[in-house]
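What follows is each chain in one-letter form.
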Amino acid sequence: MSMEEEEGGLTDVLPRDLASLFSDTYTDESCYEFCGQRLSITQHYGAKLGVAAPVWDAALNLCSYFEEQKLNFKGKKIIELGAGTGIVGILLSLLGGNVTLTDLPHTLSQIKKNVSANVPDGHSLNVRALSWGLDQTKFPQDYDIVIGADIVYLKDTFDHLLQTLQHLCCPSTTIFLSSKMRAEHGTVDFFQDVLPKYFNVELVRRNAEDNINIYTVTQYPN
């Protein structure tokens, strides 16, 4: 997904009042706590970062799900797609995961600042650019876990996302996708009709109040 594609779809995805907030540039710092870890996350609002700037509710729901499930991430090889602020991947790094945070090149500065603010030396965490459908082959195919929070919102990117997921996953990989279910933008169709053609998809948590679903996605057995 290119920066131009992301920005072009911004006003279609967001309510007008929320989209207008990106016309001004300002910084917000927020603190969150999950799994006994306190996270200080800086969000750089402005036209440059667009949808990558905020901590979206889908990311917080995914962190909450991991806390509830008490999953063990120690030593797991993990990659996050569309990391934005990096909050989910940072949490999993602090929980012992070997994490790679990815997003479009123009977002990496924000991610790196949040990594520096939260992750002590000695934790295994990398930040790399990844444009879906273009350079996923630069990454290995042996991840234990792939995560993504609110990355399904532009129909034009769905094929590229699928190509990326197919490349990154091996038979033992588990994908966790947390998403606001925006029917008008194809999100519901993606999870109900498109993704199941390629992967086994299971709804594991629904937040009806926020209209956010969390899915686990795995390869079909041979």
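Below: a short report on this structure. (Residues numbered from 1 in each chain as written. Predicted model: local features only at pLDDT ≥ 70, side-chain atom pairs only at ≥ 80, totals over all residues. Heavy atoms only, no water.)

1. Quick notes on the overall build of the protein
To keep things clear, this is the line we draw: Here a strand is any run of E in DSSP of at least two residues, a helix any run of H or I of at least four, and the numbering for each starts at the N terminus. The cut-offs for exposure are 20% and 50% of the maximum accessible area for each residue type, with area from a 1.4 Å probe on protein chains only; residues under the lower value are buried, those over the upper are exposed, and the others partly exposed. It only takes one pair of heavy atoms within 4.5 Å for two residues to be counted as in contact. In this description, accessible areas are obtained by the Shrake-Rupley approach with a 1.4 Å probe, and a residue is regarded as covered only by the protein chains that are shown.
Broken down by element type, the protein carries eight helices and nine strands. Split into buried and exposed, the 222 residues of the protein put 54% on the buried side. For the protein, the share of sequence-separated contacts (at least 6 apart) that also reach a separation of at least 24 residues comes to 68%. Of the roughly 10200 Å² of accessible surface on the protein, 45% is carried by carbon and sulfur atoms.

2. Considerations on the sheet that holds strand 9 (residues 212-218)
Basically, it comes down to this: A pair of strands is treated as paired once DSSP finds two or more bridges between them. Axis definition: a line fitted to C-alpha atoms, limited for helices to the stretch in contact. Angles are taken between N-to-C directions and run from 0 to 180 degrees.
In space, the seven strands of this open sheet follow the order 5-4-3-6-7-9-8, with mixed pairing throughout. Of all the strands in the sheet, the pair left with one neighbour each is strand 5 (125-129) and strand 8 (200-207). For this sheet the average axis-to-axis angle between neighbouring strands, irrespective of direction, equals 20°. When strand 7 (residues 174-180) meets strand 9, the two strands line up antiparallel, connected through six bridges. Bridging across to strand 9, S178 finds its partner in I214. The sheet contacts of helix 7 (residues 158-168) involve strand 3 (77-81), strand 6 (145-149) and strand 7, and relative to strand 3 the element is tilted by about 175°. Contacts between helix 8 (residues 187-194) and the sheet are confined to strand 7, strand 8 and strand 9, with strand 7 contributing the most and set at about 150° to the helix.

3. A look at the nonpolar core
General note: in soluble globular proteins, nonpolar side chains tend to be found buried as a group. This is how the line gets drawn: We call a set of buried Ala, Val, Leu, Ile, Met, Phe, Trp, Tyr and Cys residues a nonpolar core when their side-chain atoms join them within 4.5 Å.
One finds F66, I87, I90, L101 and I147 to be the most contacted residues of the largest nonpolar core, which totals 36 residues. Of the residues forming this core, the biggest block, seven residues, is contributed by helix 4 (residues 57-69). Not counting the four nearest positions on each side in its chain, L101 is found in contact with E80, A83, G86, G89, I90, I111, V115, L125, N126, V127 and R128.

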